[in-house]
Amino acid sequence: MKKWLRFRHAGTTGFGTLTLSGISVHDGEMFGRNAPNSKTLALSEVELLAPCAPSKIVALWNNFHALAAKLNQPEPPEPLYLLKATTSITTPGSVIRPPASYDGKTTYEGELGIVIGRTCARVSPAEADSFIFGYTCVNDITANDILTRDPTFPQWARAKGIDDYGPFGPVITTGLDPAKLVVRTILNGAERQNYPIADMIFSAQELVSKISHDMTLLPGDLIAVGTSVGVGVMKEPVNIVTVSIDGIGELTNEFRL
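Position numbers for residues start from 1 in each chain and track the written sequence from start to end. Totals for whole chains, interfaces and linings use all residues, but because this is a predicted model, local features are given only for residues with pLDDT of at least 70 and pairs of side-chain atoms are given and counted only at 80 or more. The side-chain figures draw on all heavy atoms in the structure; neither hydrogens nor water molecules are used.

Things to note about empty space enclosed by the protein
- Put simply, the grid is 1 Å and covers the protein atoms alone, a cavity is a trapped set of points that fit a 1.4 Å probe, a pocket is an open set with protein on both sides within 12 Å along at least five of seven lines, and lining residues have an atom within 4 Å of a point. Grid points are joined across faces, edges and corners, and a volume is the space filled by probe spheres set on the points. For the structure on display, the rule yields two cavities of 30 Å³ or more.
- Estimated volume of the largest cavity: approximately 40 Å³.
- Every residue lining the largest cavity is listed: Ile-57, Lys-84, Val-138, Asp-140, Gly-166, Phe-168, Leu-222 and Ala-224.
- Tallied by class, residues from the lining of the largest cavity come to five nonpolar, one polar and two charged.
- The wall of the second largest cavity is formed by Ile-96, Asn-139, Ile-141, Met-234, Val-241, Asn-253, Glu-254 and Phe-255.
- Of the residues assigned to the lining of the second largest cavity, the class counts are five nonpolar, two polar and one charged. Three categories are distinguished: nonpolar for Ala, Val, Leu, Ile, Met, Phe, Trp, Tyr, Cys and Pro, charged for Asp, Glu, Lys and Arg, and polar for the others, with Gly belonging to the last.

This is the structure in structure tokens:
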């Protein structure tokens, strides 16, 4: 199991693995050939970046049995998803603000993210693991009042694609069994979400397979697998949100009204 991350140091972007002594800096490409270059940096020396730069973010809706039951919605026969703008990506630890033109409700959504490791098209569920690089923490922030503003057209892309509304990281962890993971979301010190990934309607492998039959997934692409019960509105002037997944780590950002 390795924890991969990206960083900025002395004006240069780099990547490596997280160790007990800091960051083991690598040369090459995260999703290609790479090797440690014997240089180690302390976390305090660097600015952490989103751990990869996806060409697209695929975000799932209604992918947990518990949430479907709570919302009294039928479980979908196939994955329901949208594409989230890559310009919504921000760094772990950053401060997020709503657009000046928006004063409606904004919610957090703690999720597991799947990161693709190599070009993936029309693969089977049995093949999917060989195309998955690893897993990360995602906060799929949503401007709810935009989503439902027009009764003729749910604005999923706009509501979830706002600048900085897509933090993920701080690392991508390899060698995990996603079905054993639990997602926790803490808002201002209070736990608001605590749910098992095993409750997904479509497993990580099924998601990669089914989505890859619609569109080619590229190295670094991110699939946010959807959220479960406990989603809520961020109401305070300063909202500290942490998405925590044991085995991966903690993604923390501030949302300021």
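From this point, the discussion proceeds with the structure in view.
Describing the packing of aromatic side chains
- Ring pairs shown here join Phe, Tyr and Trp side chains whose ring centres sit within 6.5 Å, with only the six-membered ring taken for Trp; geometry is labelled stacked below 30 degrees between planes, edge-to-face above 60, and tilted in between. Throughout the structure, instances matching the rule amount to six aromatic pairs.
- When the centroid spacing of 6.1 Å and the interplanar angle of 70 degrees are considered together, the rings of Tyr-165 and Phe-255 count as edge-to-face. Taken together, the residues Tyr-165 in the loop between helix H4 (156-160) and strand E13 (168-173) and Phe-255 in strand E19 (residues 249-256) connect sequence positions 90 residues apart. Comparing Tyr-165 with Phe-255 shows no difference in burial state: the two are buried.
- Charge-over-ring contacts are defined here by two conditions on Lys NZ or Arg CZ: a distance within 6 Å of the ring centre and an angle within 35 degrees of the ring normal. Here the guanidinium or amino end of Arg-118 rests over the ring plane of Phe-131, the centre of that ring lying 4.0 Å away. The helix count covers DSSP runs of H or I at least four residues long, the strand count covers runs of E at least two residues long, and both are numbered beginning at the N terminus. We call a residue buried when its accessible area falls under 20% of the maximum for its residue type, exposed when it is over 50%, and partly exposed in between, using a 1.4 Å probe and counting protein chains only.

As for the pattern of salt bridges
- What makes a salt bridge here is a side-chain nitrogen of Lys or Arg within 4 Å of a carboxyl oxygen of Asp or Glu, nothing more. Counted by the stated rule, this structure contains seven salt bridges.
- Between Lys-160 and Asp-140 there is a salt bridge; the shortest N-O distance is 2.9 Å. Taken together, the residues Lys-160 in helix H4 and Asp-140 in the loop between strand E11 (132-139) and strand E12 (142-143) connect sequence positions 20 residues apart.
- Owing to a relative accessible area of 3%, Lys-160 belongs among the buried residues under this scheme.
- Between Glu-191 and Arg-184 there is a salt bridge, and its shortest N-O distance comes to 2.7 Å.

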